[in-house]
Amino acid sequence: MTSYDLIIIGFGKAGKTLASFAAGQGQHVALIEQSSKMYGGTCINIGCIPSKTLVHDGIEGASFDEAFSRKNEVVNALNKKNYNNLASKDNIDILDYKASFVSNNEIALLDHAGNVKDKITGNKIVINTGAQANIPKIEGIKTTKNIYDSTGLLNINFQPKDLVIVGGGYIALEFASMFSNLGTHVTILEHGDVIMPREDREVADLALQDLQDKGISVHTNVETTAFSNEGDSTIVHTNHGKFKADAVLLATGRKPNIDGLGLENTDVKIGQRGEIQVNSQLQTSVKHIYAAGDVKGGLQFTYISLDDFRILRSQLFGDGSRTTENRGNIPYTVFIDPPLSRVGLTAAEAEAQGFNFLENKIYVNTIPRHKINNDSRGIFKVVLNKDNGEILGASLYGKESEELINLIKLAIDQHIPYTVLSENIYTHPTMAESFNDLFLEPL
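Residues numbered from 1 in each chain as written. Predicted model: local features only at pLDDT ≥ 70, side-chain atom pairs only at ≥ 80, totals over all residues. Heavy atoms only, no water.

Colleague: Whenever I open this one, the UniProt feature "active site" (unreviewed entry) in the chain confuses me. Can you help?
Modeller: The sites that UniProt annotates as "active site" (unreviewed entry) are H428. For H428, the position within the fold is in the loop between α12 (418-423) and α13 (435-438). Assessed through its relative accessible area of 57%, H428 is described here as exposed. The contacts of H428, once residues within four sequence positions are left out, are P368 and E433. Reaching out from H428, the side chain makes a polar contact with the side chain of E433 at a distance of 2.7 Å. (UniProt positions renumbered as here; feature names shortened; annotations may be inferred. Helix = DSSP H or I, 4+ residues; strand = E, 2+ residues; numbered from the N terminus. Buried < 20%, exposed > 50% of the residue type's maximum accessible area, 1.4 Å probe, protein only. Contact = heavy atoms within 4.5 Å. Polar contact = N/O pair within 3.5 Å; in protein donor to acceptor, adjacent residues only side chain to side chain.)

Colleague: Would you explain helix α7 (residues 201-213) in this entry?
Modeller: One turn of the α-helix equals 3.6 residues, which is why residues spaced by three or four share an orientation. Under the 1.5 Å per step criterion, the end-to-end length of α7 is 18 Å for 13 residues, consistent within 8% with the ideal 18 Å. As for α7, its buried residues are in contact with α6 (170-181), β11 (217-219), β19 (340-344), β21 (379-385) and β22 (391-397). For α7, the capping residue at the N-terminal end is D200, with a side-chain oxygen 3.1 Å from the backbone nitrogen of E202. With its phi angle positive at about 100°, G215 sits one or two positions after the end of α7. (Expected span 1.5 Å × (residues − 1).)

Colleague: So what exactly am I meant to see when it comes to the domain arrangement of the chain here?
Modeller: Size of an interface: often given as the accessible area lost when the parts come together. Along its sequence, the chain is organised into domain 1 (1-131 + 253-315), domain 2 (145-251) and domain 3 (331-437). For domain 1 and domain 2, the distance between their C-alpha centroids amounts to 30 Å. Opposite the 17 residues of domain 1 that make contact, domain 2 presents 16 residues. Taken together, both faces of the contact between domain 1 and domain 2 bury some 1,300 Å²; the carbon and sulfur share is 66%. Where domain 1 packs against domain 2, one counts 1 salt bridge. Here domain 1 and domain 2 share 2 residue pairs in polar contact (both at pLDDT 80 or more) between them. For the side of domain 1 that touches domain 2, the secondary structure elements donating two or more residues are α3 (48-59) and α4 (64-87). (Domains from an automatic or database assignment. Buried area = accessible area lost by both parts, 1.4 Å probe. Salt bridge = Lys/Arg side-chain N within 4 Å of Asp/Glu carboxyl O.)

Colleague: Quick question: what am I supposed to make of the UniProt feature "binding site: NAD(+)" (unreviewed entry) in the chain here?
Modeller: According to UniProt, the positions carrying the feature "binding site: NAD(+)" (unreviewed entry) are G167, G168, G169, Y170, I171, A172, L173, E174, E190 and G253. These annotated residues cover 87 residues of sequence, but their C-alpha atoms sit close together, with the largest distance between any two at 14.1 Å. Relative to the assigned elements, Y170 resides in helix α6. With a relative accessible area of 23%, Y170 lands in the partly exposed category. Not counting residues within four places of it along the chain, the set of residues in contact with Y170 comprises M196, R198, E199, Y332 and V334. Within polar-contact distance, the side chain of E174 engages the side chain of K52 at 2.8 Å.

The following block contains the structure:
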């Protein structure tokens, strides 16, 4: 039985980065990945990279076939690059098996038929198995054709004329915008009574209107009750009637991927939503076992997984000072067209928390750069603390917001007064120069 200094289960962002670093420190590392299609993790193969490639190409006017062909090229190149980056290192063994815990210290390596091919042990173990689609229990869901999760739809081999999306969250909206730009008619069926309930209402309403202006149909308060086949079409049965589709996307959330890990054979504690419970150092209830990325619950972003690597590096090789409690504010972008980006508080949240605040806003059609971009859609809003001059939050809906939001995140974390952003010199013509007006105190 081989013993390793470090065993990492899953080839995701945190796992692969930690494997490379640990090997560079002279550690003997095992990286276990059950699927060659997942070298590099979710982001590269079935998440951020393929979806944003399709988003980009759709905006640029590419055809469905052109966009999907380039997406496949991008994914295949990055998959191979990620494998070769680690396989070329002497101290790393990439083990193409399914990992299943036998005990707190021992891991069985299973082939695709479920046979145990070997067993290994490790001084430290990191679980980095990501998340998987949460498939609801709805009548006909297993027997009806052309029903996909996000992974399946990213690999669809035909263009649907009509796509029905069950769910109205951020993944649903990105796919709706993407497929609409590629020429598919899209219908969104949202169970709740509003789209993007956690966003600033004015911003969300503008974004929703732009989606509808693309021809996307949005229905709220919809309960999906059943699926059935009708010839070559798929029928979605709801309390709002029937919807016919060539393809259906189940955008009903994701859950931690712990299936088959054998955690019942360990003392690792699991939360109510199936997440591996960790402390602020990413340590599980078993001292030498850690969890990183989506499998531990919380925000499911590849940059969170990268920061999880930094925490693990600090815990395993450093002074242990970096934790989940000191990594600052977390920005995010919803890659609809145009993108919606957010960090910190909305005005409603600031008011609920008792801040003495100021809310500023500008419309994208007042920013000179919008003429060059040929895109006047959107609104930028910021929430400012009147007591100490710091930034409480920002909601940016418009072209290039995915870049701008990172500057505001940096300013918030570094406690830079908003007047610094309003008085800074920016290049022209750029979207960033909007900060001169966006952060300016009204006279």
